[in-house]
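One-letter residues, chain by chain:
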Amino acid sequence: KEGADYIPISEIVNFQSGETLKNVSITILDDSYVEETEYFILKIESMEGDVTFSVSEAVVAIQDDDVLKIGFTSNSSVVTNDGETSFKIGILSGKVQFGVSVRVILTAIGPKEDEIDICIVEFNHYIKKYTLETNFSHVISADSYTEAASWIVQLSSDSPDINIILDPNQVYMNTQTPTSSSSASSSCESTSQQLGIYTGAALFALFALFL
């Protein structure tokens, strides 16, 4: 954005006989917010009608150098006998620019390398932490697992233009032997319509903390 990300210029450049190169400086304005790559257009035009350009317009990309770190706020999470557990995810460092959303995907990976997409949470300038409470006892059927198993809940992101580090990006859960042979159900519920939560394969009660 002009004036916020760079200082606009309008400059006359004179080429003397034999000169083929001139340097023009554009000041990029830095800030402390994590944001997507932004662009502006640089144009050149002749003040004399008999001059033509092979390229008269260029798109300049401003790549953000700020980094956002998101991760689990506890090192581990253990499923109890009734299958209930909870863990927290939050922004550990960095600030998100106004109007920018960062999507983080939660996936459960089982001992047989099977993956269950749990849900997606979105961080922005206002939402910085999530507390997730879930019960995994209905996710694992007795037909597939007849004894205690270790699962990994893993974080990933599909926001490619954001400089993001996911760390710690895994928690380990030790599931108890299932007592029911019912199939896994699919739902992911949110207490707020602003959270952008999508359907997954585990039952979640989700809370956003506004800081």
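Refer to the structure printed above.
Residues numbered from 1 in each chain as written. Predicted model: local features only at pLDDT ≥ 70, side-chain atom pairs only at ≥ 80, totals over all residues. Heavy atoms only, no water.

Draft legend 1. Main features of the overall build of the protein. Assigned secondary structure in the protein consists of zero helices and 13 strands. For the protein, with 211 residues in total, the buried portion stands at 35%. Considering only residue pairs separated by 6 or more positions, the protein has 63% of its internal contacts joining residues 24 or more positions apart. (Helix = DSSP H or I, 4+ residues; strand = E, 2+ residues; numbered from the N terminus. Buried < 20%, exposed > 50% of the residue type's maximum accessible area, 1.4 Å probe, protein only. Contact = heavy atoms within 4.5 Å.)

Draft legend 2. Representation of the pattern of salt bridges in the model. The full count for this structure, using the stated rule, is three salt bridges. Close ionic contact of Lys 22 with Glu 19 constitutes a salt bridge, the shortest N to O distance being 3.3 Å. For Glu 57, the salt bridge identified is with Lys 43, shortest N-O distance 4.0 Å. Here the residue Glu 57 occupies a position in strand β3 (residues 57–62), and Lys 43 occupies one in strand β2 (residues 38–43), the gap between them amounting to 14 residues. Here Lys 43 falls in the exposed class, since its relative accessible area comes to 59%. (Salt bridge = Lys/Arg side-chain N within 4 Å of Asp/Glu carboxyl O.)

Draft legend 3. Just the side chain of Asn 124, in detail. By secondary structure assignment, the location of Asn 124 is in the loop between β8 (115–123) and β9 (127–135). Here the side chain of Asn 124 touches Tyr 126 through a polar contact of 2.8 Å, landing on its backbone nitrogen. Look past the residues within four positions of Asn 124 in its chain and what remains in contact with it is Ile 91, Val 96, Val 100 and Ser 101. (Polar contact = N/O pair within 3.5 Å; in protein donor to acceptor, adjacent residues only side chain to side chain.)

Draft legend 4. Region of the structure containing a nonpolar patch on the surface. Side chains of Ile 9, Val 13, Phe 15 and Val 24 sit close together on the surface and give an oily, nonpolar patch of about 320 Å² of accessible area. By secondary structure assignment, the location of Ile 9 is in the segment before β1 (33–34). (Patch = residues over 30% accessible without salt bridge, like charges linked within 9 Å, V, L, I, M, F, W, Y side chains within 5 Å. Areas by Shrake-Rupley, 256 points an atom, 1.4 Å probe, with all protein chains shown as cover.)

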